[in-house]
Amino acid sequence: MVTVWFSFTALDLSFSESHPRWGGMYNVVGGPPPRGRRAATVQTQDREDLCTPIQDLWGKVCLPFQLGRSETERRSCGPAPSEKTEKILKEFLHFYEDQYGVALFNSMRHEIEGTGLPQAQLLWRKLPLDERIIFSGNLFQYQEDNKKWRNRFSLVPHNYGLVLYENKVAYERQVPPRAIINSAGYKILTSVDQYLELVGNSLPGTTSKSGNAPILKCPTQFPLILWHPYARHYYFCMMTEAEQDKWQAVLQDCVRHCNNGIPEDSKVEGPAFTDAIRMYRQSKELYGTWEMLCGNEVQILSNLVMEELGPELKAELGPRLKGKPQERQRQWIQISDAVYRMVYEQAKDRLEKVLSKLQLARPAMEAAIRTDMDQIITSKEHLAAKIRAFILPKAEVCVRNHVQPYIPSILEALMAPTSQGFTEVRDVFFKEVTDMNLNVINEGGIDKLGEYMEKLSQLAFHPLKMQSCYEKMEPLRLDGLQQRFDVSSTSVFKQRAQIHMREQMDNAVYTFETLLHQELGKGPTKEELCKSIQRILERVLKKYDYDSSSVRKKFFREALLQIAIPFLLKKLAPTCKSELPRFQELIFEDFARFLLVENTYEEVVLQTVMKDVLQAVKEAAVQRKHNLYRDSVVMHNSDPNLHLLAEGAPIDWAERCGDAGEDSGGSSGSPSLGAPEAVTPSEKRRRAKQVMSVVQDEEAGLPFQDGSESPSLASPDSVTELRGLLAQDLRAESPPPASPLLNGAPAQESPEPGATPEAASPPASPLRHPPPGKAVDLEPPKPSDQETGEQVSSAGSRPPIHTTTEDSAGVQTEF
């Protein structure tokens, strides 16, 4: 049993752009997620073998449950962790099987009936960031086995799994990484005091007294700690505050994306799973948002088990741990991680078996739904009418007294930071395109366009350039309302809005790319190209304004329902929930797999508050400060042929506009536009670029004294200062163009909500980009569909990815 519970197998996590569980059944518009978003996989492994100390601690975990104890003692200790886990899984999977049939029926009904969603004006990228690297650099990691800090070469591939190598040489030689960390469910801490407070709260009675050595000492003033309530913790530190800020943005991006682990193309399994999670927690009288609804299905299910199992283990084992407070804390962290791994393996095995059974039964269920679709719909409407007649008077009173007065306050709290964030996305996009246009005028011309477009195409995935957009959501607070509506944390709303921002930025960039690529087919001169870039920019900004308005209104509706529905269900439960079983007789036995009283009851409750939610969002659209379109403004087929442009192959700017960088011999390749040279596949891989990197001296060591810092340059993120200096330099060196050229609309007020907005951001100063560095043959680990566990990753055949590096200021560095 021990070898099974501590087997270091890997967990699988699927990355998803859309969040099926975000709206759940409270999604106003319904329907499947956006097309074409592919799920990426992340694995979590660790070579640092902690098996021996964990096995020593395992005796303390199993001690209360050993067969050698008397019957009375074993009964007083309760069931073993595996038995408790099995009991929870069995109960949850019963909900899951029930919800699977409902989700299948809803999916097939949607395919037939469709929805009246407004058509998006922007294009979307089908292959967002295939085989690219988000970030790479060096950081110091704390080794728990020898209690020392080691410099690690780290990178974040497109699947957002943090990969740690022994050093840069090990990465170049394709040595297996020391760790691949899945950050779903983790929190990023920037202070040791924050970490010690969380650790002290996790195991009561272990708070260190003043003067005692804490569980962790950081040799610098700039730590970054990955904290998880159940799994292993990871400790990093940096030499400067600027490095800490950059890595914090990168790791927060990893957490944001890994938290959305349910594949969005799962139209049945995903909704069935999230609805089952909600139904299970509501059966335990747990309503409202849940912070640990993050990761893939197995991770979420493991979190669900640990939510019940953790307190029991803590109560049983906490008093048995011996030693100083910091030693007991360390022991508890390792025990919790060991149990979490055991729970994960058990949950994964049980869920896979149930899914296999449901997949076998699915064809018969689909045939039954197609045959009886009309009868099922009629039966559901009849059931809903009976439930509505029963609960409507009570629900309306509850909505009128406890929800309706607070909707404007909740909406205002959500709208202010969200609208600021989307405005910042627009401004960043405007600035980057304007800078590129001015660079084409003043520096490289058409020959450099490929290099500029390669950088622009990665804008939405650049953690630092997008940070100014993401941080607009940080002030989100629901003061006073959070406790009333049982909202455990606003992080779910922040992260969802931030993901929408990234999607809209990438859609805007991709639409710009597609239109510019079409324009290049006309063979424009340098001056014509610059004018075309400005015209396309204004065209894309109009589309962005419309799409961002639609996305925000949908986000506001879903957020209001996410807050209000659980509150109403909790209020109505004492008087309504016990009466629901009597409605079961209204469902024909043949339809019982596709219609559930509980789901229909929740839909009726949703309808009681829907009118107030829609009215509140509609009134907010009239306010100019939020820059929302009125519902009456609908753009239909403004570019009927635009979506046809996205059907072609992805644009390779290096091939289209010539080599963007220098080859290994130092000579630059700049073939003329429209006549690209033949490029071998290996050369294409060599030209692939990283979004950003901060590569430091591997031999750098930690300071001997805390607080000492190595000298560093000013942060490259000081955009205002840099842009001012560069603008002065360009004014001194660059002659004005022969003819007037507008590179941006003058600053003006935000467009009226009812009118089509024009480009409203001020023109940006030109930003010079130094020549790129040399490319190097490098290769990140190939994603796997396995995850968690600390095991040595096997060195298999992995397709090489050749990359250069680029920091946040656009300056490229060499390995």
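For the structure, check the block above.
Analysis parameters
Residues numbered from 1 in each chain as written. Predicted model: local features only at pLDDT ≥ 70, side-chain atom pairs only at ≥ 80, totals over all residues. Heavy atoms only, no water. Axes fitted to C-alpha atoms, helices over the stretch in contact; angles between N-to-C directions. Helix = DSSP H or I, 4+ residues; strand = E, 2+ residues; numbered from the N terminus. Parallel < 35°, antiparallel > 145°, perpendicular 65-115°, else oblique. Left-handed = near helix turned anticlockwise from the far one by under 90°. Nonpolar A, V, L, I, M, F, W, Y, C, P; charged D, E, K, R; others polar. Buried < 20%, exposed > 50% of the residue type's maximum accessible area, 1.4 Å probe, protein only. Pairing = 2+ DSSP bridges. Expected span 1.5 Å × (residues − 1). Bend = angle between axes of the 7 residues up to and from the residue. Polar contact = N/O pair within 3.5 Å; in protein donor to acceptor, adjacent residues only side chain to side chain. Salt bridge = Lys/Arg side-chain N within 4 Å of Asp/Glu carboxyl O.

Undergrad: Looking at this structure, I do not really get the packing of helix 16 (residues 491–520) against helix 17 (residues 526–576). What am I missing?
TA: Relative orientation and spacing of two packed helices are given, respectively, by the angle between their axes and the distance between those axes. Contact pair helix 16 / helix 17: the axes reach a minimum separation of 9 Å and the direction vectors enclose 155 degrees. One way to sum up the angle between helix 16 and helix 17 is to call them roughly antiparallel. For the pair helix 16 and helix 17, the crossing hand works out as right-handed. In terms of residue class, the contact of helix 16 with helix 17 is built from 17 nonpolar, six polar and six charged.

Undergrad: Can you walk me through the pairing of strand 10 (residues 234–238) in this structure?
TA: Walk down a regular strand and you will see the side chains alternate between the two sheet faces. Burial runs high along strand 10: five of the five residues are buried. Residues of strand 10 alternate between two faces, with Tyr234, Phe236 and Met238 on one and Tyr235 and Cys237 on the opposite face, all of them buried. Bridging between strand 4 (residues 133–143) and strand 10 involves two bridges; their strand directions are antiparallel. Bridge assignment links Phe140 to a residue of strand 10, and that residue is Cys237. Note that strand 9 (residues 222–227) and strand 10 share five bridges and pair antiparallel. The residue bridging Pro223 from the neighbouring strand is Cys237, located in strand 10. Here strand 9 folds back onto strand 10 in antiparallel fashion, the turn holding six residues.

Undergrad: Is there a simple way to explain helix 11 (residues 325–403) in this structure?
TA: Working note: α-helix, 3.6 residues per turn, so residues spaced by three or four point in the same direction. With 79 residues, helix 11 should cover 117 Å at 1.5 Å per step; its first-to-last C-alpha distance of 46 Å lies more than 12% under that length. The principal kink in helix 11, of about 75 degrees, is found at Asp372.

Undergrad: I tried to follow the side chain of Arg502 on my own but got confused; where do I start?
TA: Inspection of the secondary structure assignment puts Arg502 in helix 16. On the accessibility criterion, Arg502 (1% relative accessible area) is buried. At a separation of 3.5 Å, a polar atom in the side chain of Arg502 contacts the side chain of His257.

Undergrad: Whenever I open this one, the pattern of salt bridges confuses me. Can you help?
TA: Counting across every chain of the model gives 33 salt bridges. Measuring nitrogen to oxygen at the nearest pair gives 2.8 Å for the salt bridge that ties Arg350 to Glu86. Of this pair, Arg350 sits in helix 11 while Glu86 sits in helix 5 (residues 81–113); the two residues are 264 residues apart in sequence, bridging distant segments of the chain. With its nearest N and O atoms 3.1 Å apart, the salt bridge here joins Arg109 to Glu113. With Arg109 and Glu113 both in helix 5 and four residues apart, the pair spans about one turn of that helix.

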